[in-house]
Amino acid sequence: MKPSKMALLTGAGFTKNFHGYLGGEMWSAIFSQPIVAESLRLRKDMLDRMDFEQSYYHVMKEDNFSPQEKELLGKAVEKAYQEMHAVIHSMSRHDKALLKFVLREIVARFAGSGEERGFLFTLNQDLLLETFYHDTDPVLGKFKLSIPMMDTQPWVFSQKAPPHVRQRDWIRVPDEATVKALHSQFWDGQPEQQFCYVKLHGSYGWRSADDSNAMVIGGEKELRISSEPILRAYFTIFEDVLRGPDCKLLIIGYGFKDPHINQRIAEAVTNHGLKVFIISPIQPNKFCYELGAGPEHPVNTIWNNGLHGYYRGTLQDLLDMDKLKLSSDGDGFLQKMMISGYWKGRK
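Residues numbered from 1 in each chain as written. Predicted model: local features only at pLDDT ≥ 70, side-chain atom pairs only at ≥ 80, totals over all residues. Heavy atoms only, no water.

Colleague: Is there a simple way to explain unusual backbone geometry in this structure?
Modeller: With the exception of glycine, the majority of residues adopt a negative phi angle, and the majority of peptide bonds are in the trans configuration. With a phi angle near 55°, Met-50 is a residue other than glycine that sits in the positive phi range. For Met-50, the position within the fold is in the loop between α4 (40–49) and α5 (52–61). Positive phi values are uncommon outside glycine, yet Phe-256 reaches one of about 60°. Following the sequence through the fold, Phe-256 ends up in the loop between β8 (248–252) and α12 (259–272). (Helix = DSSP H or I, 4+ residues; strand = E, 2+ residues; numbered from the N terminus.)

Colleague: Honestly, the packing of helix α11 (residues 229–242) against α12 in this entry has me stumped. Any pointers?
Modeller: Packed helix pairs are characterised by how far apart their axes lie and by the angle those axes make with each other. Taken N-terminus to C-terminus, the directions of α11 and α12 make an angle of 30°; their axes are 9 Å apart at the nearest point. Relative to α12, α11 is oriented roughly parallel. Here the hand of the crossing between α11 and α12 comes out right-handed. Here Phe-235, Phe-238, Glu-239 and Leu-242 of α11 come into contact with α12, specifically with His-260, Ile-261, Arg-264, Ile-265, Ala-268 and His-272. (Axes fitted to C-alpha atoms, helices over the stretch in contact; angles between N-to-C directions. Parallel < 35°, antiparallel > 145°, perpendicular 65-115°, else oblique. Left-handed = near helix turned anticlockwise from the far one by under 90°. Contact = heavy atoms within 4.5 Å.)

Colleague: Can you help me understand empty space enclosed by the protein in this one?
Modeller: Scanning all chains against the criterion turns up two cavities of 30 Å³ or more. As a volume, the largest cavity reaches approximately 40 Å³. Around the largest cavity, the lining residues are Thr-10, Phe-14, Thr-15, Leu-120, Thr-122, Asn-124, Asp-126, Leu-129 and Tyr-197. Taken together, the elements giving at least two residues each to the lining of the largest cavity come down to α1 (12–16) and β2 (116–122). Its residues assigned to classes, the lining of the largest cavity comprises four nonpolar, four polar and one charged. The volume enclosed by the second largest cavity comes to roughly 30 Å³. Along the walls of the second largest cavity sit Phe-256, Ile-278, Leu-291, Val-299, Ile-302, Trp-303 and Leu-307, which together make up its complete lining. When residues in the lining of the second largest cavity are grouped by element, the largest group, three residues, is from helix α14 (residues 298–306). Residue composition of the lining of the second largest cavity, grouped by class: seven nonpolar, no polar and no charged. (1 Å grid on protein atoms, 1.4 Å probe; cavity = no way out; pocket = protein on both sides within 12 Å on 5 of 7 lines; lining within 4 Å. Points joined across faces, edges and corners; volume = space filled by probe spheres on them. Nonpolar A, V, L, I, M, F, W, Y, C, P; charged D, E, K, R; others polar.)

See below:
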């Protein structure tokens, strides 16, 4: 098999449309946990940095924080993700209908067909798609998602996702030998993996072999990725897809804050002709300004050389809920990626 010429990458802004947390909201959720409030040192560190990823990285790396303090912060982070999942799980009927429409009309367009394998890459660690992308849906069931090289729980991509992920619901990450064997056969052809959901930074609800959270948070993310076999394999797949001939990458909800991701996108732009398309509610000039990239920065390469389309709007703006179809703006933007015809021509 070979990768599809179109791939999707989502960041926190995608899930924010459906009650997911952005960085500041996650900081608040972690900081408000009683076990953090009761620890003067953890509380001070979070107040000093005002960035949950920076604080998490600092506490976990520095020797002057005790094992007990590290464990407390780890529990606070897990509890915050648990709370976010419960909020997402209990979204209103209206929001569920909107999400279903987004999954059917936008996300499912990136599914593979024939000898092509489709990819949805994400930097998110929430369980939005595992909870609401149902393989029993009359439309989504034709474009079934799978998490490659993983034995998932029965609740994943079904209508049985629990509001609280407990120990019995955890997904175990395969060990290095298993990943190596599965990765070596990945492109050989597995029809049940026609549409792959690749969580580049791991996920809430995943457990590594040492029973720790398999989530990449904080600094030195690339080092953390290299230490987890499944994430290392996912990153290689990400590179392979972006380097494919005539590849187009649609980015929704990513603010270009991860250097290791930006570097790979920029490399694919420079050396393999990757074309980048962005959906964002931010005005293009403000989006560009907020990136703050110098002339040699990878983001500058992506913006100046790789950007081929920018839609200033929300996911809701792409849809006409009254007519149950894409809005004229949405259809026009996706046609620029040449995926409308591709979608309609599939059986």
